[in-house]
Amino acid sequence: MFLSITNRRPDATDLGHLLHKHPARVHEASLPFGLARVFYPQAGPDECTAVLAVDVDPVGLVRSDGARKGGWALGQYVNDRPYAASSFLTVAISRVFGTALNARCTKRPEMVEQPLDLEARLPVIQAPEGLIEKLFEPLGYQVETRRHPLDPALPAWGESRYHDLVLRANRPLYELLRHLFVLVPALDRDKHYWVGRDEIDKLITKGEGWLSDHPERDWITRRYLKYQRRLSNEAIARLAPEEILPDHADSLELAAAPTLHDHRLDTVAARIAALNPASVADLGCGEGKLTRRLLKQTRIPRIIAMDVAARSLEILNERLDRLPESVRSRATVILGSLIYRDSRLAGCDAAALVEVIEHLDPDRLEALETVVFAHAAPRHVFVTTPNREYNALFENLKPGGLRHADHRFEWTRSEFRQWADRVAAAHGYQVTLEPLGEEHPEHGPPSQMAVFTISGG
Ligand code: SAH
């Protein structure tokens, strides 16, 4: 199995510095499954190529696997492991090119971010038609693939599912290595090692700066974590914290079950719809998941979506622009902060704050209470927030850790109740508390909701 990397940006042999491997020598490293070698077929000022060749011992693999299972079949000796790019290759990359992969270069640190004129070649990689392009093109690569015939001597047999892949881009070397580190095992169907929780951390660090915005992010994450739904949900939650939060489904299947966040949004949307309000405010709307549900699922004539993050509102506006004008025109998107009095919010029948309050520092939260419950004073207010007690069930959260880096706090059920009771009493509301998500007997539900209604309203 091999990977070659060519740099054509003068001085091309800078590649050797970045890879920490001198072009004049052959470098060897022994790995649990075989031997890795790095050598340079060419190393001139205009063009320099490094090859990582990994000799996998397929018989040893079958033996060790067979020994565990108590038997092995002859057919298993014939497998693609020695030549197809796979998770073995990424283990080798991290072992022999670890420094470059971690974006370090002790001798010439200024070179790390320097874009190189790169060409990477993987002569054998398995993928269904079109997938390689979908993975690499959004990252800015020029992609060239050629399918290998099933048998070169028998063209009538047609093509195999193996490709010869060439990627070209002008970018820093560490970015190329990180893309390969994540995407090669995602493409490989037989990841050789057990996928455990530390894989999430690897995925997050190697995916930093590109994976969260990749159009195939969720697919890549699931495949990298080999369809272990619980792990991939956790990883996706960390990559896109507000889009999906982990649930405790243990299934290895990739069922299209709704996520906790979907459940939360569906619940709030249904409860608002049941009130049949003339106007509703989605406060801290983010990219507008609730707003879009309300537009599609209800006929509420006036929906105000407000957030302090301009970038989120841009995304929301782009999504709204895809809706028919008659639907889109029911929404008004406004940039504003919930800690300042805002007359645009006055007179709404209902308001929702879905996973918003935990993003504010305590003194700001007090300002928000006044803005929402005293000034805007909608007849009904729905507030959701995580239930901290449930965090004990997220194995990758350290004790006392929060679900998202931007959370300023997370409350237990009783802390949320105390806050809700105090706010209701101070501003003339009645409040009821409800669980969101499947309840654990001891830790309660993953999320919680307070439903405020103006007294006598
Ligand atoms: N309600 C959305 C987004 C939740 S994330 C959803 O359920 O998908 C929390 C949101 O609160 C972020 O979009 C953040 O920008 C917003 N937010 C934080 N502080 C805010 C403030 N002071 N005013 C308005 N929005 C705020």
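Residues numbered from 1 in each chain as written. Predicted model: local features only at pLDDT ≥ 70, side-chain atom pairs only at ≥ 80, totals over all residues. Heavy atoms only, no water.

Participant: Quick question: what am I supposed to make of the sheet that holds strand β14 (residues 447–454) here?
Facilitator: Across a sheet, paired strands are connected by hydrogen bonds in the backbone, their directions being either parallel or antiparallel. A sheet is described by the order of its strands in space; here 7 strands give the open sequence β10-β9-β8-β11-β12-β14-β13, paired in mixed fashion. The open sheet has two edge strands with one neighbour each: β10 (331–335) and β13 (429–436). Averaged over all neighbouring strand pairs, the angle between strand axes comes to 15°, with direction disregarded. Note: strand β8 (residues 279–283) against strand β11 (residues 350–354), 3 bridges, orientation parallel. Counted as the bridge partner of V280 is A350 from β11. (Pairing = 2+ DSSP bridges. Helix = DSSP H or I, 4+ residues; strand = E, 2+ residues; numbered from the N terminus. Axes fitted to C-alpha atoms, helices over the stretch in contact; angles between N-to-C directions.)

Participant: Would you mind going over the packing of helix α10 (residues 260–275) against helix α11 (residues 289–297) with me for this structure?
Facilitator: For any two helices packed against each other, the geometry comes down to the angle between their axes and how far apart the axes lie. Running from N to C, α10 and α11 cross one another at 50°; their axes reach a closest spacing of 10 Å. Compared by their axis directions, α10 and α11 come out oblique. Handedness of the crossing formed by α10 with α11: right-handed. In this structure, α10 contributes H261, D262, L265, D266, V268, A269 and I272 to the contact, and α11 contributes K289, L290, R293, L294 and Q297. Classifying every residue of the contact of α10 with α11 gives 6 nonpolar, 2 polar and 4 charged. (Parallel < 35°, antiparallel > 145°, perpendicular 65-115°, else oblique. Left-handed = near helix turned anticlockwise from the far one by under 90°. Contact = heavy atoms within 4.5 Å. Nonpolar A, V, L, I, M, F, W, Y, C, P; charged D, E, K, R; others polar.)

Participant: Help me understand the nonpolar core, please; the structure alone is not making it clear to me.
Facilitator: A general tendency of soluble globular proteins is for nonpolar side chains to be buried together. Core analysis: the largest hydrophobic core is formed by 64 residues, its most contacted members being L19, L52, V54, F136, L173, L177 and L180. In terms of residue count, helix α6 (residues 173–187) provides more of this core than any other element does, 11 residues in total. In this structure, L19 is in contact with Y40, A50, V96, F97, A100, L173 and L177, ignoring residues within four places of it in sequence. Within the second largest apolar cluster, 32 residues are counted, among which are C348, A351, L360 and V383. (Core = buried A, V, L, I, M, F, W, Y, C linked by side-chain atoms within 4.5 Å. Buried < 20%, exposed > 50% of the residue type's maximum accessible area, 1.4 Å probe, protein only.)

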